[in-house]
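If you want the building blocks of each chain, they are given just below.
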Number of protein chains: 2
Amino acid sequence: MSSPSPGDPLAIVLLSGGMDSCVTAALARRTCTLALLHVSYGQRTEERELHSFREIARHYGVERRLEARLDHLKVIGGSALTDASRDAVSARRPDSSIPDTYVPFRNTHLLAMAVSWAEVIGARSVYIGAVQEDSSGYPDCREEYYEAFNCLLRVGTRPETRIDVVTPLIHMSKEQIVREGLRLDAPLHLTWSCYTEQEIACGRCESCRLRLNGFRAARAADPIPYRAT
Amino acid sequence: MSSPSPGDPLAIVLLSGGMDSCVTAALARRTCTLALLHVSYGQRTEERELHSFREIARHYGVERRLEARLDHLKVIGGSALTDASRDAVSARRPDSSIPDTYVPFRNTHLLAMAVSWAEVIGARSVYIGAVQEDSSGYPDCREEYYEAFNCLLRVGTRPETRIDVVTPLIHMSKEQIVREGLRLDAPLHLTWSCYTEQEIACGRCESCRLRLNGFRAARAADPIPYRAT
């Protein structure tokens, strides 16, 4: 495990507390000094995710942290992740290719926050653990979305600002992400992925299933406990 | 003044409570049913702006409103608009072409919120009163920024979603905006533009000066009172 040195460029990592963002932080810290951003948006498991964020930040000794809230995403609604009356376990509308857990345009809110913070603290990059290949089909997890966002970033910030959004996992499978996390000694035991539970992961929701499949394919044991697998 | 009819498509207007957004609402309602979005982000005059928002919404009889907060923009800082220790009257850094009142990447946050809401309520367009020609030089007030945002919008939302960000004032001068507001009988007396005061507009900050110059050029009287002009 390489350690960061003080002269490394500053990078903001969007760290939800899930496995993908944890591996992203592990990758970013090889070449960058980290600043960690966590956003709660009224999702069901927000307390548990914030706990994981803090534990991972402490594990890596990162002092520069921003914990923000986007409460209007819950007010706006439209997602099983933020609306308790919807089913987040088997959530896919029959008329849509997009799961019901999709939070409309969510990643744009997260990236906007990261970019605003990056402009102020002088970070040169924003890392986000979006996964296209093996993901749930969210439109804002695809490579073309990030290309478009980088275009927006270039025209929407000060002329002297140079920030890139970086997506190191975008073409990885969950198996590859697990292997990368193990290789980098990422603290996967501190992460949380379940969409529905906050004590013991359900093992049944889309996020748990993708994660467990990744560990199985990598022939590794997931270090967190599950209610049912 | 034309009145909206129930069959008109639904449009979200970002209504700060300033003159430009008020004229934008007046333009949008000629062809659309309005939904009004106001965002407070810890700016100095947020209470006064919210008051104007509510008065304009009431004037037009719009029930569909969303009042949201972006408190993290104040936490992130970096702008004279949200940082009381900076001078918002004569705010321009010697080393930058961008005024110190620029809030880093602010309009991306506002548009992200409008687009999330638009996806949920089925609005077809998002109107924003950005002005390029006669504005303060903010990077996120230029036409190319909105072109880039519309590209992001197409790849970052559900495939069945069709939303356009519309900027009817983008190439207008303040004089033209005043004339357009008067022509459409927009309630300019209810608007607020001052960056620093909440009781009587200062008449000295960049926003007051641009507004007053617009009224002078249009040979019209600004219906709101000023401390000094």
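Residues numbered from 1 in each chain as written. Chains lettered and ligands numbered in written order. Predicted model: local features only at pLDDT ≥ 70, side-chain atom pairs only at ≥ 80, totals over all residues.

*Asks:* Looking at this model, I keep getting lost on the overall build of chain A. Mind explaining?
*Replies:* When helices and strands are tallied, chain A shows seven helices and five strands. In chain A, the succession of helices and strands from N to C terminus is β-α-β-α-β-α-α-β-α-β-α-α. Within chain A, the fraction of its 229 residues that count as buried is 49%. Sequence separation of at least 24 residues holds for 68% of the intrachain contacts in chain A that already meet a minimum separation of 6. (Helix = DSSP H or I, 4+ residues; strand = E, 2+ residues; numbered from the N terminus. Buried ≥ 20, exposed ≤ 12 C-beta atoms within 10 Å, placed from the backbone. Contact = placed C-beta atoms within 7 Å.)

*Asks:* Looking at this model, I keep getting lost on helix α2 (residues 46-59) of chain A. Mind explaining?
*Replies:* In an α-helix, one turn spans 3.6 residues; hence positions three or four apart end up facing the same way. Residue and element names in this part refer to chain A. An ideal rise of 1.5 Å per residue puts 20 Å on 14 residues; α2 measures up with 20 Å between its terminal C-alpha atoms. Where α2 is concerned, the buried positions are E46, E49, S52, F53, I56 and A57. All buried residues of α2 project into a common sector of 130 degrees when viewed along the axis, lining one side. In this fold, the buried residues of α2 make contact with α1 (19-28), β2 (33-40) and β3 (65-69). Remark: G61 follows α2 within two positions and exhibits a positive phi of approximately 65 degrees. (Expected span 1.5 Å × (residues − 1). Arc of directions from axis to C-beta.)

*Asks:* Which parts of the structure should I look at to understand the relation of the copies chain B and chain A?
*Replies:* For the match of chain B to chain A, the screw axis carries a shift of 0.0 Å, the RMSD comes to 0.0 Å, and the turn is 180 degrees. A rotation of that kind, with that shift, is consistent with a two-fold axis. In terms of C-alpha distance to the rotation axis, chain B has H109 of chain B as its closest residue, with the C-alpha 3.0 Å off the axis. Both copies share a contact surface, since 100% of the interface residues of chain B are interface residues in chain A too. (Least-squares fit on C-alpha atoms with pLDDT ≥ 70 in both.)

*Asks:* What is the right way to read the sheet that holds strand β4 (residues 125-127) of chain B from this model?
*Replies:* Strands belonging to one sheet form pairs held by backbone hydrogen bonds; the direction of such a pair is parallel or antiparallel. All names here are of chain B. Reading across the sheet, the five strands line up as β3-β2-β1-β4-β5 and stay open at both edges, with parallel pairing between neighbours. The sheet is open, and its two borders are formed by β3 (65-69) and β5 (164-166), each paired with just one other strand. The sheet shows a mean angle of 25 degrees between the axes of neighbouring strands, taken without regard to direction. Pairing geometry for strand β2 (residues 33-40) and β3, over five bridges, is parallel. Residue pairing across strands places V39 opposite A68, the latter belonging to β3. (Pairing = 2+ DSSP bridges. Axes fitted to C-alpha atoms, helices over the stretch in contact; angles between N-to-C directions.)

*Asks:* Would you explain the interface of chain B and chain A in this entry?
*Replies:* For an interface, size is often stated in terms of accessible area lost upon the parts coming together. Counting residues at the interface gives 35 residues for chain B, matched by 35 residues for chain A. At the level of elements, α3 (71-76), α4 (106-121) and α5 (143-156) of chain B are the ones that each hand at least two residues to the side of chain B that touches chain A. With nine residues, the single largest contributor to the side of chain B that touches chain A is α4 of chain B. Here the side of chain B that touches chain A is built from residues that sort into 19 nonpolar, ten polar and six charged. (Nonpolar A, V, L, I, M, F, W, Y, C, P; charged D, E, K, R; others polar.)

*Asks:* Sorry if this is basic, but what is going on with the packing of helix α5 (residues 143-156) of chain A against α5 of chain B here?
*Replies:* Between two packed helices, what matters for the description is the angle formed by their axes and the separation of those axes. It is at 9 Å that the axes of α5 of chain A and α5 of chain B come closest, and there the two elements cross at 165 degrees. On the basis of the axis angle, α5 of chain A is roughly antiparallel to α5 of chain B. The interaxial crossing formed by α5 of chain A with α5 of chain B has left-handed handedness. For the pair formed by α5 of chain A and α5 of chain B, the contact residues are E144, Y145, A148, F149, C151, L152, V155 and G156 of chain A on the first element and E144, Y145, A148, F149, C151, L152, V155 and G156 of chain B on the second. Looking at side-chain class alone, the contact of α5 of chain A with α5 of chain B contains twelve nonpolar, two polar and two charged residues. (Parallel < 35°, antiparallel > 145°, perpendicular 65-115°, else oblique. Left-handed = near helix turned anticlockwise from the far one by under 90°.)

*Asks:* Honestly, the nonpolar core in this entry has me stumped. Any pointers?
*Replies:* Considering soluble globular proteins, one finds that nonpolar side chains tend to be buried as a cluster. Within the largest apolar cluster, 121 residues are counted, with the highest numbers of intra-cluster contacts made by A114 and V126 of chain A together with A114 and V126 of chain B. Sequence-distant contacts of A114 of chain A, defined by excluding residues within four places in its chain, comprise I12, L14, L37 and V126 of chain A. (Core = buried A, V, L, I, M, F, W, Y, C linked by C-beta atoms within 7 Å.)

*Asks:* How do you make sense of the environment of G18 of chain A when you look at a structure like this?
*Replies:* Note on placement: G18 of chain A falls in the loop between β1 (10-14) and α1. Separated by 38 residues in sequence, G18 of chain A and I56 of chain A place their C-alpha atoms 9.9 Å apart.

*Asks:* Can you help me understand the sheet that holds strand β5 (residues 164-166) of chain A in this one?
*Replies:* All names here are of chain A. Strand order in the open sheet made by the five strands is β3-β2-β1-β4-β5, with parallel pairing throughout. Bordering the open sheet on either side are β3 and β5, each of which pairs with just one other strand. Each strand of the sheet is rotated relative to its neighbour by a mean of 25 degrees, with strand direction disregarded. With three bridges connecting them, β1 and strand β4 (residues 125-127) associate as parallel partners.

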